[in-house]
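# Geometric and topological summary
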Amino acid sequence: MRRDRPPRPVAVGDVVTVYSEALRAWTASQVTGIDTTARCAAVLELDWSGPEPSTVADLGDDVQPLRLTHHSWGGTLSHCNHGWVLPRSFRVIGSLPPLVTAPSRSYSAAWGRGEQLARQRRWDSGDHEDWNAPYALTRTADELAEEYARNGVRPDVKHLTVRGITRLDCTRLVAAFPNLTRLSLSGNLGTLASAAALNQLPRLQELTIHDLFGMEPTDCLLPRQVPDVENLSLYGIPADYADAMRKTWRPHVQDGVELEISGARKPEWIAANAANPLRDWDGRQHITRTSYRKAVAQYKATREAFRAEVAGDEQRGDILEIGRAFGAAFNALDRRTGFIETVEREELFDALDFLVEEAQEAAGRDLSTARAALVEGVDSIRDW
């Protein structure tokens, strides 16, 4: 497969069309640029919807770009950079001179499917409420169990997001939501049971799995059973399952399948990192291996110091110092490579919450005052 051109042929000026669930009609967009280095395509959504078009002529004589004025957009063009793999559900229907030549500074993984046009049309009709797709459902794992009990089968749900998974049985999920086209599942070293059942979703187009385990190579999605799949985003999954998915789906990239698989983990890694709240830093693109090791070492040192303090004669001043040491250590680490951005800053405070919760459970008493002192110590010195 050549790396100097998109795997599925598409060129600047091409007009592509796709069915939009949000509009219940077809919509169109134009490729305005291709960046071979970043492997991105700049895509301009068009202000058009209608029956499935066969050629550009079917769009009419006055093809216009979609300009967004809803909510706080302020007249911005719906112009965005996406991965350069043209999804298999999109069709090229012809070419026009690019309607815009200026580059886009926006980025998004998913190609637009008319959601912005649907929002704009609702706004133009006078409906200024936030629009939530009636076919989309987001639940925590606990809420999903309640959903099963309350509503049974939900054939109307096309997009499903489930977060906070500790354990999820895919057989039950498929039975309850048989018409899914998009499915996103995430946990925190949770278990995904009977993952092979996802092959029973014949309309599935997009699957995202983050930080879930328990899948075997035999649970791999099979192209002959889910022929519409065009996006697989897998992170923090068993290594042998990752290998099977990569081997199975890589030949289909040229057909319009976006394949992103990273963070494959071996069983020994899972066992070693069960109590490591910074484990997601392992392999993160802008965090060096050295920075990761030092970060985990500092977290462990802070954890041990805090647990020892609250197990003994707890002193607020000592806990403040533990927090300051934590903040200072990460100041020094960040000065070397500048890796602590907004997400990492939040994750560091989440890590502190994690160690306090652990210590609280071990001590059998409320440690909210100690937590406040720990965070105060960090805040007093951190520059990240």
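Please refer to the structure placed before this passage.
The residue count restarts for each chain, going from 1 along the sequence in the order it is written. Side-chain atom pairs in this predicted model are given and counted only at pLDDT of 80 or more, local residue features only at pLDDT of at least 70, and totals for whole chains, interfaces and linings cover all residues. Side-chain descriptors were evaluated using all non-hydrogen atoms of the structure, hydrogens and water having been removed beforehand.

### So, the pairing of strand β1 (residues 14–20)
Most of β1 sits inside the fold, with six of its seven residues counted as buried. Any two strands between which DSSP finds at least two bridges are classified as paired. Going along the chain from the N terminus, every DSSP run of H or I of four or more residues is numbered as a helix, and every run of E of two or more is numbered as a strand. Strand direction decides the pairing type here: β1 and strand β7 (residues 91–95), joined by four bridges, are antiparallel. Bridge pairing links D14 to S95 in β7. Bridging between β1 and strand β2 (residues 25–35) involves six bridges; their strand directions are antiparallel. Following the sheet pairing, S20 is matched in β2 by A25. Partly exposed residues are those whose accessible area sits between 20% and 50% of the maximum for their type, while under 20% is buried and over 50% is exposed, using a 1.4 Å probe and protein chains only.

### Some remarks on the sheet that holds strand β13 (residues 258–265)
Taken in spatial order, the six strands line up as β8-β9-β10-β11-β12-β13 in an open sheet, and their pairing is parallel. Taken across any chain shown, the strands that pair with only one partner, and hence form the sheet edges, are β8 (136–140) and β13. On average, each strand axis in the sheet is inclined to that of its neighbour by 10°, with strand direction left out of account. With five bridges joining them, strand β11 (residues 206–213) and strand β12 (residues 231–238) adopt parallel strand pairing. In the sheet register, T208 faces β12, and the bridge partner there is S233. Along the sheet face, helix α2 (residues 141–151) touches β8 and β9 (159–169) and points at about 120° away from the line of β8. Axis lines are fitted to C-alpha atoms, over the contacting stretch for helices. Their N-to-C directions set the angle, which ranges from 0 to 180 degrees. Throughout, a residue-residue contact means that at least one pair of heavy atoms, one from each residue, lies within 4.5 Å.

### What about the environment of T27?
Position of T27 among the secondary structure elements: in strand β2. Owing to a relative accessible area of 4%, T27 belongs among the buried residues under this scheme. Note: C-alpha distance between T27 and G50 (23 residues apart in sequence) is 6.7 Å. Polar contact criterion, stated in full: a pair of N or O atoms within 3.5 Å, where within protein one must be able to donate a hydrogen and the other to accept it, and residues adjacent in sequence count only if both atoms are side-chain atoms. A polar side-chain atom of T27 sits 2.9 Å from the main-chain carbonyl oxygen of W48.

### Remarks on helix α8 (residues 342–363)
By this rule the span expected of a helix is its residue count minus one, scaled by 1.5 Å. Compared with the 32 Å implied by 1.5 Å per residue over 22 residues, the 32 Å span of α8 between its first and last C-alpha is a close match. By the burial criterion, the buried members of α8 are E344, E347, L348, F349, A351, L352, L355, V356, E358 and A359. The secondary structure elements touched by the buried residues of α8 are α6 (289–311), α7 (316–337) and α9 (368–379). Backbone geometry just after α8 places G364 at a positive phi near 70°.

### Re the sheet that holds strand β6 (residues 79–83)
Ordered in space as β6-β3-β2-β1-β7, the five strands form an open sheet in which the pairing is antiparallel. Of all the strands in the sheet, just β6 and β7 have a single pairing partner and so form its edges. Neighbour to neighbour, the strand axes of the sheet diverge by 40° on average, direction disregarded. Across five bridges, strand β3 (residues 40–50) lies against β6 in antiparallel orientation. When the bridges of β6 are listed, A41 appears paired with H82. Relative to the sheet, helix α1 (residues 115–124) contacts β2 and β3, its axis offset from that of β3 by approximately 45°.

### A few points about the pattern of salt bridges
The salt bridge criterion pairs a side-chain nitrogen of Lys or Arg with a carboxyl oxygen of Asp or Glu, the two atoms within 4 Å. As enumerated under the stated definition, the model contains 24 salt bridges in all. Notably, a salt bridge pairs E230 with R113, separated by 1.9 Å at the nearest N-O pair. Highlighted residues: E230 in the loop between β11 and β12 and R113 in the loop between β7 and α1, separated in sequence by 117 residues. A salt bridge links R182 to E115, with the shortest nitrogen-to-oxygen separation between them at 3.3 Å. Placement of the pair is R182 in strand β10 (residues 182–193) and E115 in helix α1, with a sequence separation of 67 residues.

### What to know about the pairing of β9
Both β8 and β9 contribute to a ladder of five bridges, which runs parallel. Residue A136 lies in a different strand from β9, and its bridge partner there is H159. Seen with its strands pointing away from the viewer, a crossover is right-handed when the path leading from the first strand over the helix to the second is clockwise. Taken together, β8, α2 and β9 constitute a β-α-β crossover, and its handedness is right-handed. As paired elements, β9 and β10 share eight bridges and run parallel to each other. Bridging across to β10, H159 finds its partner in R182. Viewed along the sheet, the connection from β9 through helix α3 (residues 170–176) into β10 turns out right-handed.

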